[in-house]
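An overview of the molecular structure
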Amino acid sequence: MHVLRRILIRIGVVLFLLALLLGGFFLYLFRIYIPSDLARKSFPQTEGQIQLPELSQAVDIYRDRMGVPHLYAATLDDLFFAQGYVHAQDRFWQMDLWRHIGSGRLSEMFGAAQVQTDAFLRTLGWRQLAEQEYELLSAESKAILNAYSEGVNAYLRDHQGAALSLEYAILGVVNRDYVVEPWTPIHSLTWAKVMAWDLGGNLAAEIERAILLGSLPSEKVAELYPPYPEDHPSIVPAGGEADLETQSRSSNIESALPQSATVTQALRSSLKNLRSLQAWLGENGDAIGSNSWVVAGSRTVTGKPLLANDPHLGIQMPSIWYQIALHCHPKSAACPLEVAGFSFAGVPGVIIGHNERIAWGFTNVNPDVIDLYIERVNPENPNQYEVNGRWAEFETRQEVIRVSGGEPVTITVRLSRHGPIISDTYEPLMDKADPKDKATKPFRERAGINLPESYAIAMRWTALEPAPVFEAIWGFNKANNWVEFRRAAQAFAVPAQNLLYADVDGNIAYQMPGRIPIRAKGDGRLPVPGWTDEYEWVGYIPFEELPYALNPPQGYIVTANNRVPSADYPYLITSDWDYGFRARRIVELIESAPEKIDLTYMQKMQGDSYDPSSTFTLPILLQLPLEDTKQRAARQLLENWDGQATADSAAAALYAAFWKHLLILTFRDDLPEDHPPSGGDRYFEVMRNLISQPDNSWWDDQTTPNQREGRDLIFQRAFAKAVAELQKTLGEDPKRWRWGDLHTATFRNLAFGQSGIAPLEALFNRGPFPTGGGNSIVNNTGWDTSLGYSVLWLPSMRMIVDLSDFNNSLAVHTTGQSGHAFHPHYIDLAERWSKLQYYPMWWGESTVLENLEGHLRLLP
């Protein structure tokens, strides 16, 4: 037996080593052979000359050391043609993927697994809307979109398959029939709808509140959605007392539909499919936001404004942003453009940046522009729904979803007077059980509201009404002053953004644009009856009455998704503001600046990692008795901690673990199974309110019926769990713990980056990168306490514009300019980004030439 055992052990060792060798061999093939033979085929030409008959004159494309292209052309048509060409050179796979998302055609690329997602997207009808919006555009805007599309197609004409991008070689293995189609202006416009969905409203919160009312009393749900704190700043403050009626609508949560007689079982898979597009668009949780602030010349070293912007979006590979500069050369009345900044691959122009006169930045308003209407359907005729006591016919249209490797799927889209019926295709609202999860009940049984015998749920959303939003982007690019910029903002219907402005004359300003509905009744926080006119939209807030500011007396404007107007503003914009912790910190940093503000101080502000939740939790934790000596030793890390959650901080690691366990122990036992506490700004405010109530029932652990816990005991348990977790994961010595060892950023390819096939993921994914910051911190590298410490959303780029000299401006984005795996500019910016470092936004032609990496000339 011993001899046999030794033989078997030796055989096992040999097989194990063979497996390692084979695994290493295949990994070698994927990481070495494929890049050298395939990936490099997609690397674009950046030197020499290319003849393109569509051009009227030559275009010079200078790429600087960061891989940023600076385009010089004599006509607008040639300039935007070249932008389309360059976008396709570096990012066409990303562009192709985005247009399939926007049109609801993912199944054509990836097969039957995407049919449900496509069905929902087709229900929304983004492509049809884009076609309508194209017809609303001016002749000039149409010409720009057409020239851009011609540039993309000129590149596609000479590049197919792996020569376009390595991803096409992988896709070709499973989908040999896939053919890249020509680019059209409609593809550019559908991307605006994708971003509007990502940034445009509170649909998730609206459904979540309805679900929570099914398992919690309304006063408890209200505690989870507290009103905006009056000690935090508004973007456009006003004098006077806060309007009590306005405040009350943020503190009481009552359904317009009758409460269920019995509290029903909570939704088991609640929001599993609520954010059905997150796999493709990245996270869009309630803690996601953006920062932007502008400081007037009265507060700066140069005497001119400084403007900073860092939009926070879901982590992805490649970066959502593509940096570019567009120059008419020479400038003329027919070609007046000089602009630089950050674009979306697939869309002409610059989204955020500056021209030779002005600079601008965006943060999300997150207005409540989506309402769910419960339509009462005729039980005897499902094609009819009730309107004021009479039956009306649903509008319908057929959508055919082509499926790679399968048969086409036909769906019927129904539309009521309020919009598309999303309960037919949006799984969290379907009136049936989830076939993949037998424990999940239909929405009727999960929601805390009574529903008609036969019902459907319609969605009204401002983005489903055609609007020429591209006119606003083009208007920003060519604006010379505040009046022209504000005029362009009138076209920015959706997604409503906080528009921050500065110019070389020293002006600073703010404008909130967008279509914000005025409701006859209700506040949009819960689904409402659709069979009467009681909850109809009766109009939109007039543009002239939307909040704005010009040269405010304090000498700065701060936007961080916080409340825009003061509490006495007469219109409802939303009840779901970010709770203003980042905004408050930014204001503090501006007000406490030791001297005039310069670029170095602006960089310090963008990288500030102060965790504001520590101000109200640590005073409690530090005074509690701890019996365990290891816990007491670990707690010493927090005694002199400055609250900065930097990547190298041991205290920050311990505090994050404590915060995670504190939320779990406080709320997990009270909430539905699939509604765990996620952390972020809302839970900051919830906990800030709760911490002064040590005997509140939230502290009591429902799993220990014979014991009633209070705040202090939950704090002690949470800290004990935090110490035990870090001892297990980071080692016994607390001084060697590092927040960046837990809190890492891994940039994953949206299509193949989470395939579960390690060699395939290794081709495209990059990371992990140790990262500082955290939720509701100025350096807002978001994580979800229910999922772990990994970065889910982040400052997708950082930009600081110096209005005294644009050549001094600074920027960085997350990955690199190139979307081609293994290209030198594929991941060259990630380490710089994670370490809060920047590079210059070279502006003048001479500075570009001094930092030249490549010069490509496009000739007619």
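Position labels on residues start from 1 in each chain and follow its written sequence. Predicted model: local features are reported for residues with pLDDT of at least 70 only, side-chain atom pairs are reported and counted for 80 or more only, and whole-chain, interface and lining totals are derived from all residues. Excluding hydrogens and water, the side-chain values take into account all heavy atoms of the structure.

**Some points on the environment of N355**
Segments assigned H or I by DSSP are reported as helices when at least four residues long, segments assigned E as strands when at least two residues long, and all are numbered from the N terminus. Positionally, N355 belongs in strand 8 (residues 352-355). Along the backbone, N355 and F806 are 451 residues apart, and their C-alpha atoms lie at a distance of 9.0 Å. Polar contacts involving the side chain of N355 include one to the main-chain amide nitrogen of R357, which spans 2.7 Å. Distance and chemistry together define a polar contact, namely a pair of N or O atoms within 3.5 Å, with one atom able to donate a hydrogen and the other to accept it when in protein, and with adjacent residues in sequence counting only for side-chain atoms on both sides. In this structure the side chain of N355 is engaged in a polar contact, spanning 2.8 Å, whose partner is the backbone oxygen of A479.

**What to know about the sheet that holds strand 15 (residues 419-420)**
What holds strands together in a sheet is hydrogen bonding between their backbones, with the strands either parallel or antiparallel. Overall, antiparallel pairing links the three strands, which are arranged 13-14-15 in an open sheet. Since the sheet does not close on itself, it has two edges, and those belong to strand 13 (395-401) and strand 15, each with one partner. What makes two strands pair is DSSP finding at least two bridges between them. Inspection of the sheet shows strand 14 (residues 409-416) paired to strand 15 by two bridges, in the antiparallel sense. Paired with S416 across the two strands is G419, which belongs to strand 15.

**With respect to the pairing of strand 30 (residues 852-859)**
As paired elements, strand 1 (residues 48-51) and strand 30 share four bridges and run parallel to each other. Counted as the bridge partner of G48 is L856 from strand 30. Sheet analysis places strand 2 (residues 59-64) next to strand 30, joined by six bridges and oriented antiparallel. Bridge assignment links D60 to a residue of strand 30, and that residue is R857.

**With respect to the pairing of strand 28 (residues 810-813)**
Throughout this description, buried means an accessible area under 20% of the type-specific maximum (1.4 Å probe, protein chains only), exposed means over 50%, and partly exposed covers the range between. Both faces of strand 28 are covered, namely the face carrying L810 and V812 and the face carrying A811 and H813. Two elements, strand 27 (residues 797-802) and strand 28, share four bridges in a ladder whose sense is antiparallel. Its bridge partner lying in strand 28, M799 is registered against A811. As defined by bridge partners, strand 28 adjoins strand 29 (residues 839-840) across two bridges and the pair is classed as antiparallel. What sits directly across from A811, in strand 29, is Y839.

**Focus: the confidence of the model for the protein chain**
Residues shown with low pLDDT carry predicted positions that ought not to be read at fine detail. How sure the predictor is of each residue is captured by pLDDT, a score from 0 to 100. Of all residues in the protein chain, 87% attain a pLDDT of 70 or more, and the chain-wide mean is 89. Long-range and interchain partners of residues 1-29, a stretch whose pLDDT sits below 50, account for five contacts in this model, where long-range means more than four residues apart. Predicted confidence for residues 239-250 stays below pLDDT 50, and this span has 21 contacts to residues more than four positions away or in other chains. Any pair of residues with heavy atoms lying within 4.5 Å of one another is described as a contacting pair.

**Focus: the sheet that holds strand 22 (residues 548-550)**
Spatially, 1-30-2-3-6-7-8-9-17-18-22 is the arrangement adopted by the eleven strands of the open sheet, whose pairing is mixed. At either margin of the open sheet sits one strand with a lone partner, and together these are strand 1 and strand 22. Along the sheet, successive strands turn relative to each other by an average axial angle of 15 degrees, direction set aside. Pairing of strand 9 (residues 358-364) with strand 17 (residues 497-503), which is carried by seven bridges, proceeds in the antiparallel orientation. By the bridge assignment, G361 is partnered in strand 17 with L500. Those strands touched by helix 14 (residues 469-478) are strand 7 (338-343), strand 8, strand 9 and strand 17, and its axis lies near 145 degrees from that of strand 9. Working convention: axes come from line fits to C-alpha atoms, limited for helices to the stretch in contact. Angles between N-to-C directions cover 0 to 180 degrees.

**Some remarks on the nonpolar core**
What makes a nonpolar core is a set of buried Ala, Val, Leu, Ile, Met, Phe, Trp, Tyr and Cys residues whose side-chain atoms join them at distances within 4.5 Å. Residues M459, W461, F476 and L858 are the most contacted members of the largest nonpolar core, which totals 191 residues. No other element matches helix 2 (residues 76-103), which puts 14 residues into this core. If sequence neighbours within four positions are ignored, L858 has contacts with I50, L52, L55, Q57, A58, V59, I61, A82 and Y85. Among the nonpolar cores identified, the runner-up in size contains 56 residues, and Y655, W699, L742 and W783 belong to it.

**Description of the packing of helix 6 (residues 139-157) against helix 8 (residues 185-199)**
Closest axis-to-axis distance for the helix 6/helix 8 pair is 8 Å, and the angle between their directions is 110 degrees. Here helix 8 runs roughly perpendicular to helix 6, going by the angle between their axes. Counting all contacts with helix 6, which are made through L145, N146, Y148 and S149, the residues of helix 8 involved are P185, S188 and L189. Polar here means any residue outside two lists: the nonpolar Ala, Val, Leu, Ile, Met, Phe, Trp, Tyr, Cys and Pro, and the charged Asp, Glu, Lys and Arg; Gly therefore counts as polar. In terms of residue class, the contact of helix 6 with helix 8 is made up of four nonpolar, three polar and no charged. Under this scheme an angle from 65 to 115 degrees is roughly perpendicular, one under 35 degrees roughly parallel, and one over 145 degrees roughly antiparallel; angles in between are oblique.

**Looking at the side chain of H813**
Along the chain, H813 turns up in strand 28. A polar atom in the side chain of H813 sits 3.2 Å from the side chain of S319. Only 2.8 Å separates the side chain of H813 from the side chain of Q817, close enough to count as a polar contact.

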